[in-house]
Amino acid sequence: MKHLLTMNELTTEEIESILTQAEKFKNCETWDGAREKYISNLFFEASTRTRCSFEMAERKLGISVIPFEAATSSVQKGESLYDTVKFMESIGVDAVVIRHEEDHYFRQLMEGINIPIINGGDGCGNHPTQCLLDLLTIKEEFGSFEDLKISIIGDIKHSRVARSNAEALTKLGATVCFSGPKEWFSNALLENGEYLEIDEAIETSDGVMLLRIQHERHASTSQLTKEEYHDSFGLTIEREKRMKRNSIIMHPAPFNRGVEIADELVESAKSRIFKQMENGVFVRMAVLKKVLEK
Ligand code: CP
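Residues numbered from 1 in each chain as written. Predicted model: local features only at pLDDT ≥ 70, side-chain atom pairs only at ≥ 80, totals over all residues. Heavy atoms only, no water.

A separate point is the pairing of strand β6 (residues 175-179). Burial runs high along β6: four of the five residues are buried. Taken together, strand β5 (residues 149-153), helix α5 (residues 160-171) and β6 constitute a β-α-β crossover, and its handedness is right-handed. Relative to strand β7 (residues 194-195), β6 runs parallel, the two sharing two bridges. Residue pairing across strands places F178 opposite Y195, the latter belonging to β7. (Buried < 20%, exposed > 50% of the residue type's maximum accessible area, 1.4 Å probe, protein only. Helix = DSSP H or I, 4+ residues; strand = E, 2+ residues; numbered from the N terminus. Right-handed = clockwise from strand over helix to strand, strands pointing away. Pairing = 2+ DSSP bridges.)

Here it is, written out as structure tokens:
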């Protein structure tokens with residue numbers, strides 16, 4: 001695997017191979033191939049989980065992390081993304097992890113950059129390692145993806161997590177449905193799943209995946225108050241009682257307690273939200289191994 005940019009470009013076999021390797025790392029398997037390897041995490045957009053989780057994965061593998069802070073880098077003097085990555089390549093960095101606000105930023109790097117690029121999130125486009133950690137969490141819970149129904153609820157239109165998950169889950173045999181405010185639903189998503197009213201989505205799904213409202217990607221502010229959104233489109237305590245018996249709650253985080261999910265449900269029995277975060281480290285170790293091994 002040269003790069004990891006989108007879920008669409010991975011075959012089913014490649015996805016399964018990454019999940020299997022992640023499970024091995026979770027079961028304490030080690031890999032010595034990363035010694036003397038250097039990685040830089042180039043985050044041009046805010047992140048807590050993806051950035052820290054990659055750094056944890058890199059350190060567990062013995063990779064040397066070359067620090068980079070966009071706010072104090074020569075990006076502030078007008079240096080381009082391409083020239084920043086080319087610099088990293090020229091000093092001997094073996095791979096870069098990039099998060100950027102521009103959809104498909106990586107297209108401008110495909111000609112001229114020779115080191116692997118791992119996409120840590122591109123605008124409203126893709127978030128492949130979030131998807132892989134979601135898949136690992138679902139696989140741990142249910143064993144496989146066939147015959148599962150996963151609902152993705154909230155600000156779908158602006159969510160790279162929704163897009164990556166819908167593509168991958170469908171490819172793996174699960175049924176995906178969407179819910180949330182209709183103005184945040186894009187017809188382009190229909191090829192991967194139908195739109196359902198919130199109560200039907202929650203009551204019929206094995207996995208209920210909630211999404212944060214991506215205010216930073218909205219042209220105008222929502223007309224709904226937080227309370228109105230929670231009542232109309234959130235996982236309320238009342239709605240959670242109507243979920244299927246063995247169903248689980250997921251959220252890529254950061255979450256807004258009391259908006260898309262009731263505060264009390266974040267760490268409830270059905271919630272796998274912190275399990276997702278834990279799995280992120282092992283999935284990222286597996287991805288790093290895939291792009292670094294010769
Ligand atoms: N889930 C996720 O991508 O979180 P961060 O934005 O904190 O990295």
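Now that the structure has been shown, we can carry on.
We now examine the sheet that holds strand β9 (residues 248-250). The pairing of strands in a sheet comes from backbone hydrogen bonds and takes either a parallel or an antiparallel form. If you walk across this open sheet you meet the five strands as β7-β6-β5-β8-β9, and the pairing is parallel. The sheet is open, and its two edges are formed by β7 and β9, each paired on a single side. As paired strands, strand β8 (residues 207-210) and β9 are joined by three bridges and run parallel to one another. Looking at the pairing, G207 lines up with I248 of β9. The strands touched by helix α4 (residues 128-142) are β5, β8 and β9; relative to β9, the strand with the most contacts, the crossing angle is about 170 degrees. (Contact = heavy atoms within 4.5 Å. Axes fitted to C-alpha atoms, helices over the stretch in contact; angles between N-to-C directions.)

Moving on, we come to the site of the ligand. Neighbouring the ligand are the residues S47, T48, R49, T50, R99, H127, Q130, P252 and A253. A distance of 2.9 Å separates an oxygen atom of the ligand from a polar atom in the side chain of H127. Of the pockets mapped on this structure, the ligand occupies the largest pocket. Tallied by class, residues from the shell around the ligand come to two nonpolar, five polar and two charged. (Near = heavy atom within 4 Å. Polar contact = N/O pair within 3.5 Å; in protein donor to acceptor, adjacent residues only side chain to side chain. 1 Å grid on protein atoms, 1.4 Å probe; cavity = no way out; pocket = protein on both sides within 12 Å on 5 of 7 lines; lining within 4 Å. Sits in = over half its atoms within 2 Å of the grid points. Nonpolar A, V, L, I, M, F, W, Y, C, P; charged D, E, K, R; others polar.)

Bringing the layout of surface pockets into the picture now. The space that makes up the largest pocket amounts to roughly 370 Å³. Around the largest pocket, the lining comprises 21 residues; the ones closest to its centre are R99, R160, R212, A253 and P254. Taken together, the residues of the lining of the largest pocket sort by class into six nonpolar, eight polar and seven charged. (Points joined across faces, edges and corners; volume = space filled by probe spheres on them.)

Before going further, it helps to examine the sheet that holds strand β1 (residues 38-43). Spatially, the four strands line up as an open sheet ordered β2-β1-β3-β4, and their pairing is parallel. Where the open sheet ends on each side, the last strands, each with one partner, are β2 (64-66) and β4 (117-122). Neighbour-to-neighbour, the strand axes of the sheet open up by a mean angle of 20 degrees, direction not taken into account. Judged from the five bridges that link them, β1 and strand β3 (residues 95-100) form a sheet pairing that is parallel. Looking across to β3, one finds that F43 is bridged to R99. Helix-sheet contacts for helix α3 (residues 81-90) involve β1 and β3, and the interaxial angle to β3 is about 160 degrees. Seen against the sheet, helix α9 (residues 273-292) touches β1, β3 and β4 and runs at an angle of roughly 140 degrees to β4.

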